[in-house]
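Inside the fold
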Amino acid sequence: GENVEQHPSTLSVQEGDSAVIKCTYSDSASNYFPWYKQELGKGPQLIIDIRSNVGEKKDQRIAVTLNKTAKHFSLHITETQPEDSAVYFCADSNSNSGYALNFGKGTSLLVTP
Amino acid sequence: DSGVTQTPKHLITATGQRVTLRCSPRSGDLSVYWYQQSLDQGLQFLIQYYNGEERAKGNILERFSAQQFPDLHSELNLSSLELGDSALYFCASSVQGTHEQYFGPGTRLTVT
């Protein structure tokens, strides 16, 4: 599939601060953008997602924004906690590929107490 | 716990061998996806099945094949294994008509 670029590759924040991870996609047909959290030794866990007809979605401390024109979307985590430390992956998908997920390379987030 | 189960958790085998990885989707999910996770390639989509039929193919090698059975569980067969096939293999499942995919805990394959 076409590329999903994710930045930064590593991010270190202090507990209570906000963290922002950004992704850009290139496939104009993409219409679904999930974010996954992967802890060591576990499978990716879906934490939030957004569809192309929505610009922003929020779930407690987590929010995702989508800019279709610029083809980028971002994950925002507020009031970070040590248990937020994990690798976060963005992805895009569309019906042309059976909604198979095309992942970014991941961001390793470390929240220090 | 996502409700997706995978067996075995770990698998160690030699080059040239063949292995089978098994996945049971969440109750009610008709679609199964297989992904490979390696340090150099990241998370890559391999293949998707929907209600027993192959639906989409990604970067899956010809040495690899999969199928989905009438009870909806799926198996990924890897043959003529090479050192570079060492990776984590995940399956994910989703319900017809929705995008959300839920991942299993993965199978760690080590080829020696």
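This text goes with the structure placed above it.
Keep in mind that this is a model prediction, so the values were computed, not measured. (Residues numbered from 1 in each chain as written. Chains lettered and ligands numbered in written order. Predicted model: local features only at pLDDT ≥ 70, side-chain atom pairs only at ≥ 80, totals over all residues. Heavy atoms only, no water.)

**Quick look at the overall build of chain A**
Worth spelling out the cut-off: Helix numbering and strand numbering both begin at the N terminus, where a helix is a DSSP run of H or I of at least 4 residues and a strand a DSSP run of E of at least 2. The buried label applies to any residue whose accessible area, calculated with a 1.4 Å probe on protein chains only, is under 20% of its type's maximum; exposed applies above 50%, and partly exposed to all values in between. We call two residues contacting when some pair of their heavy atoms lies within 4.5 Å. What sets the accessible areas is the Shrake-Rupley method with a 1.4 Å probe; for residues, cover comes only from the shown protein chains. The charged-residue count follows a simple rule in which Lys and Arg add positive charge and Asp and Glu add negative charge, with His and chain termini not counted at all. Every charge is mapped onto a representative atom, which is NZ of Lys, CZ of Arg, CG of Asp or CD of Glu.
A count of helical and extended segments in chain A gives zero helices and 11 strands. Secondary structure of chain A in N-to-C order comes out as β-β-β-β-β-β-β-β-β-β-β. With the C-alpha coordinates aligned to their principal axes, the bounding extent of chain A is approximately 45 × 30 × 20 Å. Counting the 113 residues in chain A, one finds 45% classified as buried. In chain A, the proportion of contacts linking residues at least 24 apart, taken out of those at least 6 apart, comes to 54%. For chain A, the accessible surface area stands at approximately 5600 Å², while carbon and sulfur atoms represent 46% of it. Of the side chains in chain A, 10 bear a positive and 13 a negative charge, and the two mean positions are spaced by 4 Å.

**Observations concerning the sheet that holds strand β3 (residues 19–24) of chain B**
Residue and element names in this part refer to chain B. Spelled out, the test is: We treat two strands as partners when DSSP finds at least two bridges between them. Here, axes are lines fitted to C-alpha atoms. For helices the fit covers the stretch in contact, and angles between N-to-C directions go from 0 to 180 degrees.
Strands sit in the order β1-β3-β8-β7 across an open sheet of four strands; the sheet is antiparallel. Where the open sheet ends on each side, the last strands, each with one partner, are β1 (5–7) and β7 (64–68). Each adjacent strand pair in this sheet contributes to an overall mean axis angle of 15°, direction not counted. Inspection of the sheet shows β7 paired to strand β8 (residues 74–78) by five bridges, in the antiparallel sense. The partner of F64 across the bridge, within β8, is L78.

**So, the pairing of β7(B)**
A regular strand carries its side chains on alternate faces of the sheet. Of the two faces of β7(B), only the one carrying B:F64, B:A66 and B:Q68 is buried; B:S65 and B:Q67 on the other face are not. In sequence, β7(B) turns back onto β8(B) through a hairpin of five residues, with B:L72 there showing a positive phi of about 80°.

**Focus on the pattern of salt bridges**
Residue and element names in this part refer to chain B. Which entries qualify depends on this criterion: The salt bridge definition used is simple: a Lys or Arg side-chain nitrogen within 4 Å of an Asp or Glu carboxyl oxygen.
Taken as a whole, this structure holds seven salt bridges over all chains when the rule is applied. Between R63 and D85 there is a salt bridge; the shortest N-O distance is 2.8 Å. Placement of the pair is R63 in the loop between β6 (53–57) and β7 and D85 in the loop between β8 and β9 (87–94), with a sequence separation of 22 residues. On the accessibility criterion, R63 (19% relative accessible area) is buried.

**Points about the state of the cysteines**
Residues and elements named next belong to chain B. The test is simple: Cysteine sulfur atoms that pair up within 2.5 Å are treated as a disulfide.
All chains considered together, the criterion is met by two disulfides over all chains. Residue C23 pairs covalently with C91 via a disulfide, S to S 1.9 Å. In this structure, the disulfide formed by C23 and C91 twists by about 70° around the S-S bond and is classed as right-handed. Of this pair, C23 sits in strand β3 while C91 sits in strand β9; the two residues are 68 residues apart in sequence, bridging distant segments of the chain.

**Some points on the packing of aromatic side chains**
This is how it is decided: Classification of ring pairs uses Phe, Tyr and Trp, with its six-membered ring standing for Trp, and accepts pairs whose centres are within 6.5 Å; under 30 degrees between planes counts as stacked, over 60 as edge-to-face, and the remaining range as tilted.
The tally for this structure, following the rule as stated, stands at 15 aromatic pairs over all chains. Ring centres of B:Y33 and B:Y35 lie 6.4 Å apart, and the angle between their planes is 25°; this geometry places the pair in the stacked category. Per residue, the accessibility class of B:Y33 equals that of B:Y35, and both read buried. Relative to B:F103, the ring of B:Y35 has its centre 5.2 Å away and its plane inclined at 40°; by these criteria the two rings are tilted. In this pair, B:Y35 sits in strand β4 (residues 31–38) while B:F103 sits in strand β10 (residues 102–103), placing the two residues 68 residues apart along the sequence. Since its relative accessible area comes to 4%, B:F103 is described here as buried. The rings of A:Y36, A:F89, A:F103, B:Y33, B:Y35, B:F45, B:F90 and B:F103 are connected pair by pair, giving a single aromatic cluster.

**A closer look at the interface of chain B and chain A**
For the record, the criterion: As a working definition, buried area equals the accessible area (1.4 Å probe) given up by two parts on being put together, with both sides summed. Distance and chemistry together define a polar contact, namely a pair of N or O atoms within 3.5 Å, with one atom able to donate a hydrogen and the other to accept it when in protein, and with adjacent residues in sequence counting only for side-chain atoms on both sides.
At the interface, 18 residues of chain B touch 19 residues of chain A. Interface area, chain B with chain A, both sides summed: about 1500 Å², of which 57% is carbon and sulfur. On inspection of chain B and its partner chain A, the count reaches one salt bridge. Between A:R51 and B:E100 there is a salt bridge, with the nearest N and O atoms lying 3.4 Å from each other. The tally of links between chain B and chain A comes to seven residue pairs in polar contact (both at pLDDT 80 or more). Of all the secondary structure elements, the ones that give two or more residues to the side of chain B that touches chain A are β4, β5 (42–50) and β10 of chain B. With four residues, β5(B) is the single largest residue contributor to the side of chain B that touches chain A.

**What to know about the side chain of B:Q101**
With respect to the secondary-structure elements, B:Q101 resides in the loop between β9 and β10. Here A:Y99 takes part through its backbone oxygen, which lies 2.8 Å from a polar atom of the side chain of B:Q101.

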